[in-house]
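Descriptive structure summary
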Amino acid sequence: MTRKSGRPSQLDEVSKAIIEQLQQDGRRSYAAIGKVVGLSEAAVRQRVQRLIESGVMQVVAVTDPLELGFARQAMVGIRVTGALEPVADRLADLDEVDYVVVTAGSYDLLVEVVCESDEHLLELISDRIRAIDGVASTETFMYLRLRKQTYSWGVR
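Quick summary incoming for the structure in this document. (Residues numbered from 1 in each chain as written. Predicted model: local features only at pLDDT ≥ 70, side-chain atom pairs only at ≥ 80, totals over all residues. Heavy atoms only, no water.)

Let's talk about the side chain of His120
One can find His120 in helix H5 (residues 118-129). You can call His120 buried: its relative accessible area is 18%. (Helix = DSSP H or I, 4+ residues; strand = E, 2+ residues; numbered from the N terminus. Buried < 20%, exposed > 50% of the residue type's maximum accessible area, 1.4 Å probe, protein only.)

This is how it looks when you write it as structure tokens:
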């Protein structure tokens, strides 16, 4: 999900309640959500559409990469020379990359990758990531076990 702006969206309490309902169950019907938040099914549908179009939220199926045949997940810390944004954009274009953030600290960018094998990971890092103009160095943190992953941090 790409953020549309750097500013947080101002949401009313009803929109927040709709988001919380969808975080609990992304397949919950608009009619069921409407009963909880006090709106009609049509009004909930319109609000959800606006939230999606504005980039505030997505409704997606979250999968387990291991169950889909992707044996290797890793976080790659990247140091960049020059402008960060062009490098971040090039990384975001790679199919194996599912997360790109500009950071402060030891690394300029953190990139999460999902690969089919160690060989695939090696090819991705050595031949494609390190070949991007501006990439000075990388450090790879391979995931051994996922202990927690959540998308239900709520809304403020």
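Quick look at the nonpolar core
With 19 residues, the main nonpolar core has Ile78, Val87, Leu91, Leu109, Val113 and Ile129 as its most contacted residues. Where this core is concerned, the elements lending two or more residues are strand S1 (72-80), helix H4 (84-92), strand S3 (109-115) and H5. In terms of nonpolar packing, the next biggest core, distinct from the first, is built from nine residues, Ile19, Val37, Val44 and Met57 among them. (Core = buried A, V, L, I, M, F, W, Y, C linked by side-chain atoms within 4.5 Å.)

Side note on the sheet that holds S1
With antiparallel pairing, four strands are arranged side by side in an open sheet as S2-S3-S1-S4. In this open sheet, the two strands that pair with only one neighbour each are strand S2 (97-102) and strand S4 (135-142). Neighbour-to-neighbour, the strand axes of this sheet turn through a mean angle of 20°, independent of strand direction. When S1 meets S4, the two strands line up antiparallel, connected through seven bridges. Its bridge partner being in S4, Val76 is matched across the sheet by Thr140. Contacting S1, S2, S3 and S4, H4 crosses the sheet at an angle of about 170° to S2. Packed onto the sheet, H5 meets S1, S3 and S4 and runs at close to 165° relative to S4. (Pairing = 2+ DSSP bridges. Axes fitted to C-alpha atoms, helices over the stretch in contact; angles between N-to-C directions. Contact = heavy atoms within 4.5 Å.)

Observations concerning the pairing of S2
Pairing of S2 with S3, which is carried by five bridges, proceeds in the antiparallel orientation. Opposite Val102, over in S3, you have Leu109 as the bridge partner. As consecutive antiparallel partners, S2 and S3 are separated by six residues, and within that stretch Gly105 has a phi angle of approximately 130°, a positive value.

Regarding a nonpolar patch on the surface
A cluster of nonpolar side chains, Val60, Val62, Tyr151 and Trp153, forms an exposed patch at the surface whose accessible area comes to about 490 Å². Counting through the fold element by element, Trp153 comes out in the segment after S4. Trp153 sits in the exposed class, given a relative accessible area of 65%. (Patch = residues over 30% accessible without salt bridge, like charges linked within 9 Å, V, L, I, M, F, W, Y side chains within 5 Å. Areas by Shrake-Rupley, 256 points an atom, 1.4 Å probe, with all protein chains shown as cover. Salt bridge = Lys/Arg side-chain N within 4 Å of Asp/Glu carboxyl O.)

Considerations on the pattern of salt bridges
Under the counting rule described, the total for this entry stands at six salt bridges. Across the pair Arg47 and Asp12 runs a salt bridge whose closest N-O atoms are separated by 2.8 Å. Of this pair, Arg47 sits in helix H3 (residues 41-53) while Asp12 sits in the segment before helix H1 (13-24); the two residues are 35 residues apart in sequence, bridging distant segments of the chain. The shortest N-O distance in the salt bridge between Arg128 and Glu96 comes to 2.6 Å. On the criterion of sequence distance, the pair formed by Arg128 in helix H5 and Glu96 in the loop between H4 and S2 is long-range, its members being 32 residues apart. The class for Arg128 is partly exposed, based on a relative accessible area of 27%. For Glu96, a relative accessible area of 12% corresponds to the buried category.

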